[in-house]
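# Analysis of the macromolecular model
Letter by letter, the chains look like this.
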Amino acid sequence: MNTLDRGPSLTDLAAQEIRNRIVRGVFQLGEPLSEIALATELGVSKTPVREALMVLKRQGLIEVHPQRGSFVFDMDANQVRKLSELREVLELAALRMALATDRRALAKQWADIVKKMRKSLDADDAELYRTLDGGFHRVLFELADNAYLMEAYELIAFRVQALRNRLSLAPSLNATSFDEHVRLAELVAAGDDEAIVDLMGRHIEATREHYLAAVTAREAEAAVAPAKGRRRTARR
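Now for a look at the structure at hand. Since we're looking at a predicted model, the values are computed, not measured. (Residues numbered from 1 in each chain as written. Predicted model: local features only at pLDDT ≥ 70, side-chain atom pairs only at ≥ 80, totals over all residues. Heavy atoms only, no water.)

## Description of the nonpolar core
By size, the foremost hydrophobic cluster in this structure holds 66 residues, and its most contacted members are Ile22, Leu95, Leu106, Trp110 and Leu140. Of all elements in the fold, only α1 (10-24), α2 (35-42), α3 (46-58), α4 (77-122), α5 (126-144), α6 (147-167), α7 (171-190) and α8 (193-235) reach the threshold of two or more residues within this core. With 16 residues, the top contributor of residues to this core is α4. Not counting chain neighbours up to four residues away, the residues in contact with Leu140 comprise Glu91, Ala94, Leu95, Ala98, Leu106, Trp110 and Met200. (Core = buried A, V, L, I, M, F, W, Y, C linked by side-chain atoms within 4.5 Å. Buried < 20%, exposed > 50% of the residue type's maximum accessible area, 1.4 Å probe, protein only. Helix = DSSP H or I, 4+ residues; strand = E, 2+ residues; numbered from the N terminus. Contact = heavy atoms within 4.5 Å.)

In C-alpha cells form, the structure reads like this:
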C-alpha cells in the first residue's frame, strides 16, 4: 500500500481522543495523566500513548515534568492574559483579511453558525454552543487564506477552546456572547468594517476579563485550602 493512503496511526488516534477529552473538560487543568491507565482505556499499548502525549505537548495541551510524569496543561492569570493578547492580535488580523478576501463567504458562514448557536441555546446544549463558538472564530482563519496565520492560530486554538469549555459555563455569559455573535454577523452583511473590528476587539476583551476573574478566583480558593488544612492540624 502506498504510504500516502494509510489511515490514521494508533498514535494519531490516541492523540485525537486524549485531545478531545482535554478540550471538552473531561480531564481537569493540571490533572496527572497515567500512560498505563490511558493505554488500558484506549485499548492500545503504552507506546502510542506515550507518543501521543508528546504530540499534545507540542500543541501546548500537555506538560511533561521529569521524574513526575505528564499533566494536563494549566494556566495562571498572567498566562491567560498573555494568551488572550495573542488571540486578539491573530483574530483581528484574520478578520481584516477575511473581509478583504471573501466577505460574502464570511457573511454566509457566520449567519449559518449563528442559526446553529441559537438552536443549541434553545436546546440548552451548552457544550455544543461552545463548540460552535470556537467554529465561529475559526472561520476567520480559514477565509483569511494565509497558511502562516493559520499555523500561528493552531498553536493556541486548542488551549483557547479548552479554556472556553471550562471558564464559559455561566448561562448569562453565553447569552451575552450570543448577542455579540449575532451583531458581528449582521455587521458583516451590512459592510461596516470599522464597527466589526471594534466589536470583535471588545468581544475578545470581555472574554479575557471573564477568564481572568475565573482563574483568579480559582487561585484564591487553592490558596485558602492549604491554610484551612494547617489550621485544622494545629488544633489537634
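## So, the side chain of Gln161
Note on placement: Gln161 falls in helix α6. Judged by relative accessible area, Gln161 falls into the buried class, the value being 11%. Polar side-chain contacts of Gln161 include one of 3.0 Å to the backbone oxygen of Arg130. Discounting chain neighbours no more than four positions away, the residues touching Gln161 are Val23, Arg130, Thr131 and Gly134. (Polar contact = N/O pair within 3.5 Å; in protein donor to acceptor, adjacent residues only side chain to side chain.)

## Describing the packing of aromatic side chains
Under the definition given, this model contains two aromatic pairs. Geometrically, the ring pair formed by Trp110 and Phe136 is stacked, given 4.2 Å between the ring centres and 10 degrees between the ring planes. On the criterion of sequence distance, the pair formed by Trp110 in helix α4 and Phe136 in helix α5 is long-range, its members being 26 residues apart. For the pair shown, Trp110 and Phe136 are each scored as buried. Between Phe141 and Tyr153, the aromatic rings sit 3.9 Å apart at their centres with planes inclined by 15 degrees, giving stacked as the arrangement. Placement of Phe141 in helix α5 and of Tyr153 in helix α6 is noted, with a sequence separation of twelve residues between them. The exposure class assigned to Phe141 is buried, which follows from its relative accessible area of 2%. The buried category is assigned to Tyr153, whose relative accessible area is 9%. (Phe/Tyr/Trp six-rings, centres within 6.5 Å; stacked < 30°, edge-to-face > 60°.)

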